[in-house]
Amino acid sequence: MSSTVDKAAAAELLRKQIREIETADRAGDGIESRSCPSSIPAIWKPAVNKAMNLLLYRPRTEKELRDRLSGCGYEPNAVDFALNYVSYYGYLNDTRYAEGYVLSRGSGKSRSALRRELSVKGVDEASIEAAMELLETDERTIVEELLRKRYGMPHRMDERELRRAAGYLGRKGFAVSLVWGALREYQNSADSEPDELE
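This structure is a prediction, so every number in the text was calculated from the model and none was measured.

**Student:** Any details on the side chain of Arg-60? Residues and values, ideally.
**Tutor:** Relative to the helices and strands, Arg-60 resides in the loop between helix H2 (45–57) and helix H3 (62–71). Buried and without a salt bridge, Arg-60 has Glu-64 as its closest oppositely charged side chain, separated by 5.7 Å. For Arg-60, the side chain forms a polar contact with the main-chain oxygen of Leu-54, separated by 3.3 Å. Residues in contact with Arg-60, not counting those within four places in the same chain, are Leu-54, Leu-55, Leu-65, Arg-68, Leu-92 and Tyr-97.

Dropping the structure here:
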């Protein structure tokens, strides 16, 4: 609940700052009077507005935001200024992004898959390591939970179902030895559990 309230408060604050920029633009006095990294040249204001709107939609890494702004056709100086501006106000923070990413997706993927995805998104290694420390469950527990969630109560699997389960867990980035060990244990627990019909 508090996370939803925090997100709502942050979104409202971001909307307020966007309105201030737009109001200052309409008034013709610019944003020079506000405390920001430096005055915003008129040709860079659209890039700042676009960056703030993109961050309002969803959190992004610096690399993602840079790529998106560059893809929209903004010149490199405008992109750099927009990134500095949103970083200055705390809207762009790769460490915070990595922590949120790991907490939201950590229950369904391996640590190596999470590291790889964050690296592709441009998050530095120190931020990735800090985020990984937030994971409380080990990979074995995650694999067991995924098996129970996907396949229900332990039961004997035929060869085809075993291959599919191994592929499913492998695509989530888990090591082959961990996957096959968990599958063996899953099937063995089917033998040890009493039948419900008896």
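**Student:** Can you lay out the packing of aromatic side chains for me, pointing to particular residues and giving the numbers?
**Tutor:** How two aromatic rings sit relative to each other is given by the distance of their centres and the angle of their planes. For the coordinates displayed, the defined rule picks out five aromatic pairs. Consider the rings of Trp-44 and Phe-81, whose centres lie 5.5 Å apart with planes at 35 degrees: the pair is tilted. Remark: Phe-81 occurs in helix H4 (residues 76–88) and Trp-44 occurs in the loop between helix H1 (2–27) and H2; sequence separation between them is 37 residues. The exposure class assigned to Phe-81 is buried, which follows from its relative accessible area of 8%. An angle of 25 degrees between the planes, with centres 5.9 Å apart, marks the rings of Tyr-97 and Tyr-101 as stacked. Separated by four residues within a single helix, Tyr-97 and Tyr-101 lie in helix H5 (residues 94–105), roughly one turn from each other. Judged by relative accessible area, which is 11%, Tyr-97 ranks as buried. Residue classification places Tyr-101 among the buried residues on the basis of a relative accessible area of 7%. By way of ring pairs, the aromatic residues Trp-44, Phe-81, Tyr-85, Tyr-88 and Tyr-89 are connected into one cluster. The residue whose ring lies beneath Arg-150 is Tyr-168, and the NZ or CZ to ring-centre distance is 4.1 Å.

**Student:** Can you lay out the side chain of Ser-110 for me, pointing to particular residues and giving the numbers?
**Tutor:** Structurally, Ser-110 is set in the loop between H5 and helix H6 (111–120). What makes Ser-110 buried here is its relative accessible area of 0%. Beyond its immediate sequence surroundings of up to four residues, Ser-110 is in contact with Glu-139, Lys-172, Gly-173 and Phe-174.

**Student:** If you had to explain the packing of helix H8 (residues 139–151) against helix H9 (residues 159–171) to someone new, which residues and values would you point to?
**Tutor:** Remark: H8 packs on H9, axes separated minimally by 11 Å, with the N-to-C direction vectors making an angle of 130 degrees. Between H8 and H9, the angle falls in the class oblique. Like other packed secondary-structure pairs, H8 and H9 cross with a definite hand, here right-handed. Residues Val-143, Leu-146, Leu-147, Arg-150 and Tyr-151 of H8 form the contact with H9, whose participating residues are Glu-161, Arg-164, Ala-165, Tyr-168 and Leu-169. Considered class by class, the residues forming the contact of H8 with H9 number seven nonpolar, no polar and three charged.

**Student:** Help me get a handle on the pattern of salt bridges, residues and values and all.
**Tutor:** With the rule as written, the count across this model stands at nine salt bridges. Residue Arg-66 pairs with Glu-62 through a salt bridge whose shortest N-O separation is 3.5 Å. Of this pair, Arg-66 and Glu-62 both sit in helix H3, separated by four residues, roughly a single helical turn. Between Asp-67 and Lys-63 there is a salt bridge, with its nearest N and O atoms 3.1 Å apart. Residue Asp-67 and its partner Lys-63 are located together in helix H3, separated by four residues, close to a single helical turn. On the accessibility criterion, Asp-67 (42% relative accessible area) is partly exposed. Under the relative-accessibility criterion, Lys-63 is labelled partly exposed at 40%. Several salt bridges share partner residues, and in doing so they unite Arg-58, Glu-64 and Lys-121 into one network.

Calculation notes
- Residues numbered from 1 in each chain as written.
- Predicted model: local features only at pLDDT ≥ 70, side-chain atom pairs only at ≥ 80, totals over all residues.
- Heavy atoms only, no water.
- Helix = DSSP H or I, 4+ residues; strand = E, 2+ residues; numbered from the N terminus.
- Buried < 20%, exposed > 50% of the residue type's maximum accessible area, 1.4 Å probe, protein only.
- Lys, Arg positive; Asp, Glu negative; His and termini not counted.
- Salt bridge = Lys/Arg side-chain N within 4 Å of Asp/Glu carboxyl O.
- Polar contact = N/O pair within 3.5 Å; in protein donor to acceptor, adjacent residues only side chain to side chain.
- Contact = heavy atoms within 4.5 Å.
- Phe/Tyr/Trp six-rings, centres within 6.5 Å; stacked < 30°, edge-to-face > 60°.
- Lys NZ or Arg CZ within 6 Å of the ring centre and 35° of its normal.
- Axes fitted to C-alpha atoms, helices over the stretch in contact; angles between N-to-C directions.
- Parallel < 35°, antiparallel > 145°, perpendicular 65-115°, else oblique.
- Left-handed = near helix turned anticlockwise from the far one by under 90°.
- Nonpolar A, V, L, I, M, F, W, Y, C, P; charged D, E, K, R; others polar.

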